[in-house]
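# Observations on chain architecture
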Amino acid sequence: MIFRRIRELREDHDLTQAALADYLGVRQTTYSKYELGRIEVPAEVLIKLADYYQVSLDYLVGREGRR
């Protein structure tokens, strides 16, 4: 669920994976793996994403349906 939410948010904001990876301080390939669900997203990255998009952590992890 997390990977779908972070991809939807990125696309809704017309951002590239490279731009988000730069903001998070990770490689673009790492960010791509987050979106594909191939690796787990660390808690600190989830917090940064929630802050960036101004959504709750519950929304990012699928516990809440509203942004």
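Everything discussed here concerns the structure shown above.
A short tour of the structure in this document, coming up. (Residues numbered from 1 in each chain as written. Predicted model: local features only at pLDDT ≥ 70, side-chain atom pairs only at ≥ 80, totals over all residues. Heavy atoms only, no water.)

## Points about the overall build of the protein
Helix and strand content of the protein: five helices and zero strands. Starting at the N terminus, the α and β elements of the protein follow one another as α-α-α-α-α. A compact globule built from 67 residues should have a C-alpha radius of gyration of about 11 Å, and the protein, at 11 Å, falls within 12% of that. Taken along its principal axes, the extent of the C-alpha atoms in the protein is 30 × 25 × 20 Å. The buried share among the 67 residues of the protein stands at 33%. Contacts in the protein between residues at least 24 apart in sequence constitute 52% of all its contacts with a sequence separation of at least 6. Just so you have it, the protein exposes about 4,400 Å², and 45% of that area is on carbon and sulfur atoms. (Helix = DSSP H or I, 4+ residues; strand = E, 2+ residues; numbered from the N terminus. Rg over C-alpha atoms; globule rule 2.2 N^0.38 Å. Buried < 20%, exposed > 50% of the residue type's maximum accessible area, 1.4 Å probe, protein only. Contact = heavy atoms within 4.5 Å. Areas by Shrake-Rupley, 256 points an atom, 1.4 Å probe, with all protein chains shown as cover.)

## A look at the nonpolar core
With 17 residues, the main nonpolar core has Ile6, Tyr31, Leu49, Tyr53, Val55 and Leu60 as its most contacted residues. Elements represented by at least two residues in this core include exactly α1 (2-12), α2 (17-24), α3 (28-36), α4 (43-53) and α5 (57-60). At five residues, the largest contribution of residues to this core is made by α4. (Core = buried A, V, L, I, M, F, W, Y, C linked by side-chain atoms within 4.5 Å.)

## Quick look at unusual backbone geometry
Despite not being glycine, Asp14 has its phi angle at roughly 55 degrees, a positive value. With respect to the helices and strands, Asp14 occurs in the loop between α1 and α2. Residue classification places Asp14 among the exposed positions, given a relative accessible area of 71%. A positive phi angle, near 55 degrees, is found at Gln54, a position not held by glycine. Its place among the elements puts Gln54 in the loop between α4 and α5.

## So, the packing of aromatic side chains
Inspection of the entire model under this criterion finds three aromatic pairs. Residues Tyr23 and Tyr52 carry aromatic rings whose centres are separated by 4.7 Å and whose planes lie at 50 degrees to one another, so their mutual orientation is tilted. Placement of the pair is Tyr23 in helix α2 and Tyr52 in helix α4, with a sequence separation of 29 residues. Judged by relative accessible area, which is 35%, Tyr23 ranks as partly exposed. Ring centres of Tyr31 and Tyr34 lie 6.2 Å apart, and the angle between their planes is 75 degrees; on these two criteria the pair is classed as edge-to-face. Residue Tyr31 and its partner Tyr34 are located together in helix α3, separated by three residues, close to a single helical turn. Exposure remark for Tyr31: the relative accessible area of 0% places this residue in the buried category. Aromatic ring contacts, followed pair by pair, group Tyr23, Tyr52 and Tyr53 into a single cluster. Just above the ring of Tyr59 sits the side chain of Arg5; from NZ or CZ to the centre is 4.1 Å. Of note, Lys48 hangs over the ring of Tyr23, and the distance from its end group to the ring centre comes to 5.4 Å. (Phe/Tyr/Trp six-rings, centres within 6.5 Å; stacked < 30°, edge-to-face > 60°. Lys NZ or Arg CZ within 6 Å of the ring centre and 35° of its normal.)

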